[in-house]
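A look at the structure
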Amino acid sequence: MFAFIIRRIIQAVIVMLVISFIGFSVQHSIGDPVRDMVGERVSEAEREALRDKLGLNDPFLTQYFRFVKNACYGDLGISYFHNKPTMHVILRKAPATIELIFATTIIILLITFPVGVYSAINPNSWFSRVVMGVSTIGVAVPVFLTAIILIYIFGVELQWLPAFGRGDTVNIWGWETGFLTKDGLLHLILPSISLASIMLPLYIRLIRSEMMEVLETEYIKFAWAKGLNRYRVWLLHAFKNTLLPVITVIGVEIGILFAFTLLTETVFQWQGMGFMFLEAVERADTALIVAYLVIVGVMFVVINTLVDVIYGFVNPMVRITGSK
Amino acid sequence: MVGHLLEVKDLEVKFALRFGDLTAIDGISFILDKKEKLGLVGESGAGKSVTGFSIINLISKPGYISGGSVTLDGVKLNDLTDSEMREIRGNKISMIFQDPMMTLNPVLTIATQMTETVHAHRNVSKNDAMDIALDKLKKVYIPSPEKRLFQYPHECSGGMRQRIVVAIALLTNPALIIADEPTTALDVTIQAGITDLLSELCETDDMGLILITHDLAVVSQVTEKIAVMYAGKIIETGLTEDIIKNPRHPYTQGLIGSIPGTQEMGKRLTQIKGMMPTLTDIPKGCAFHPRCDIGEQICRETTPLLESVDGEKRLIACHIAGV
């Protein structure tokens, strides 16, 4: 376990260096923050003085190492637009995005596993056929279209659900949560369903095809020959083996889920990190953009490590314990 | 009725395909008594494994039993419901599969895979199930069984895994074990260990054994009776000794003639020409006639019946050799 953690930390550090380097190069080469910070009437000499003061005239690598050093202390620069530490800005927006992703994950897990397993066990039932047909369409429909259609039906025509914003939130130790109010939960429904919609068909198909493959294996045949209860064969013997490839894919797809929060949050005016990021891009708030990339990078690395640990628990062949 | 352990009568298995049904097993019959060991022999595709699976009604779809009966200890298995059949599987009849690398579930411990079988058929406590598992592991001569119990299949070697599979088959003291090519995937030294173990267990535990294999050498060491299968039919059956020494059916002769060591030194091994027909184009008349050296006109037209010859305990389905 110890060796695994060390290896994981080294990998994470390398990944973070690469992400920050790319992010920083982008920041360095696009846009001139000074132009955005000061007005038209400031003279060229004053601009140059400001650049010197901000260290923008130093060599690229010097600037990069200063950036990394500061980042290690939790300082990812000052947002030019908000005029506040970027960390501060992002952390205020993070709960909204994290709650959206959390709710989406719950929806994905609750729907895809039962549906995928059921349609693997009964591939010829009408339910499975309908699911397969709908999921083919579902793969092809982009998330913003799903979102707009959902808003139109449930927000505009039926007026059942709120169509934008987070609704009422409660502040618990600095964490703005929408989970604890009815209004907050209602606001969560449409965005999380939209975001989940891109993953649902993929996972249902993946789980179904993996499970069908597992059901054909010799050890499942042997389990039947042992006279086991059918639910034990399906839900323990087959399902546990189905999980392995599915967990691997989940680890990769979580990154894509983050990427799609940009679209979802924009369509629903969801005040999260994705919405903030797009605003930052429009305002050429480069420090905030880079800070966003770095923080999402950290989250991604942490989640991936968690996924690996879970994988190790399910698959005895890669068990990471060095004990015994 | 005489108390045979297993009586298979006119068993017929078909595969339902889009363009019609294919007959995989075409009316086979055999009888097995307690402590008796029967070898089901034939090339790949002869229907040996399907026969084994159809006894416990576990043929994979689209296969189904279309006729005949299987009777175990006087109970007709065809009439049982799904849950009654589940009670038979792994309890009264156990199976051993070909490849021990594939038979055990890779993500569950040996202990889980053993005790679950006990729990499925016996109402015992966790500790008792553990004790039974441990006892059977000892019975198949697994060194330090207490340690093995908590390992995963990938931590054991192939021979070890097959012993574990045999131990699982023994958990409920079954009346019959169906071993489907149990030694094919193992190397020769380990093969002998497994076959010796199986014969020994039949003797000590009063079990019947059906040994499905293409390996006549293994069959001759273990079993008392042989049934040779070809294209879904039994074409010759009798006592192992008689058949090995004096095969009558041209196909059996070909099988035995092709074993290295049965010929004179320096002579070429005989070989059966051609291939086993696929289920879609089984020849008319005797299914073996295109490959047969002694075939005559009648073989092309009428299917020979399995009939006893010389009043021996020998049945042969051949127009020429059977007379």
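Please refer to the structure higher up on the page.
The paragraphs below set out a description of the structure included in this document. As the structure is a computational prediction, the values presented were derived from the model and not from experiment.

**Details of the overall build of chain A**
For chain A, the count of helices and strands is 12 helices and 2 strands. For chain A, the N- to C-terminal ordering of α and β elements is α-α-α-α-α-α-α-β-β-α-α-α-α-α. Taking the principal axes of its C-alpha atoms as reference, chain A extends roughly 85 × 60 × 35 Å. Taken across its 324 residues, chain A has 31% of its residues classed as buried. Across chain A, the fraction of contacts at a sequence separation of at least 24, relative to all contacts at a separation of at least 6, is 70%.

**Some words on the interface of chain B and chain A**
One frequently used descriptor of interface size is the decrease in accessible area upon assembly of the parts. Counting residues at the interface gives 23 residues for chain B and 19 residues for chain A. Those elements that provide at least two residues to the side of chain B that touches chain A are α2 (82–88), α3 (100–103) and α4 (110–121) of chain B. Looking at the side of chain B that touches chain A element by element, the count peaks at 4 residues for α4(B). Residue composition of the side of chain B that touches chain A, grouped by class: 11 nonpolar, 7 polar and 5 charged.

**A short note on unusual backbone geometry**
In this structure, the amide linkage connecting K61(B) to the following residue, P62(B), adopts the cis form with an omega of 5°. Within the secondary structure, P62(B) is located in the loop between α1 (48–55) and β4 (63–72). A positive phi angle is found at Q159(A), which is not glycine, with a value near 55°. With respect to the secondary-structure elements, Q159(A) resides in the loop between α7 (143–157) and β1 (170–172). Judged by local crowding, Q159(A) falls into the exposed class, with 9 C-beta atoms found within 10 Å.

**Examining helix α1 (residues 2–29) of chain A**
The terminal C-alpha atoms of α1(A), which comprises 28 residues, lie 41 Å apart, in line with the 40 Å expected from a rise of 1.5 Å per residue. Check the buried side of α1(A) and you find it contacts α4 (60–72) and α12 (286–314) of chain A.

**Considerations on the environment of F179(A)**
All names here are of chain A. With respect to the helices and strands, the residue F179 is situated in the loop between β2 (175–177) and α8 (182–215). On the basis of neighbour counts, which here come to 15 C-beta atoms within 10 Å, the residue F179 falls in the partly exposed class. Sequence spacing of F179 and D168 is 11 residues, and the spatial spacing of their C-alpha atoms is 9.4 Å. When near neighbours in sequence (up to four residues on either side) are disregarded, F179 contacts E99, G184 and L185.

**Side note on the sheet that holds strand β1 (residues 6–17) of chain B**
Residue and element names in this part refer to chain B. Strands sit in the order β2-β1-β4-β5 across an open sheet of 4 strands; the sheet is antiparallel. The open sheet is flanked by β2 (20–32) and β5 (75–76), the only strands paired with a single partner. Across 10 bridges, the pairing between β1 and β2 is antiparallel. What sits directly across from L17, in β2, is G20. The strands touched by α1 are β1, β2 and β4; relative to β2, the strand with the most contacts, the crossing angle is about 75°.

Here is what the cut-offs are and how they apply
- Residues numbered from 1 in each chain as written.
- Chains lettered and ligands numbered in written order.
- Predicted model: local features only at pLDDT ≥ 70, side-chain atom pairs only at ≥ 80, totals over all residues.
- Helix = DSSP H or I, 4+ residues; strand = E, 2+ residues; numbered from the N terminus.
- Buried ≥ 20, exposed ≤ 12 C-beta atoms within 10 Å, placed from the backbone.
- Contact = placed C-beta atoms within 7 Å.
- Nonpolar A, V, L, I, M, F, W, Y, C, P; charged D, E, K, R; others polar.
- Expected span 1.5 Å × (residues − 1).
- Pairing = 2+ DSSP bridges.
- Axes fitted to C-alpha atoms, helices over the stretch in contact; angles between N-to-C directions.

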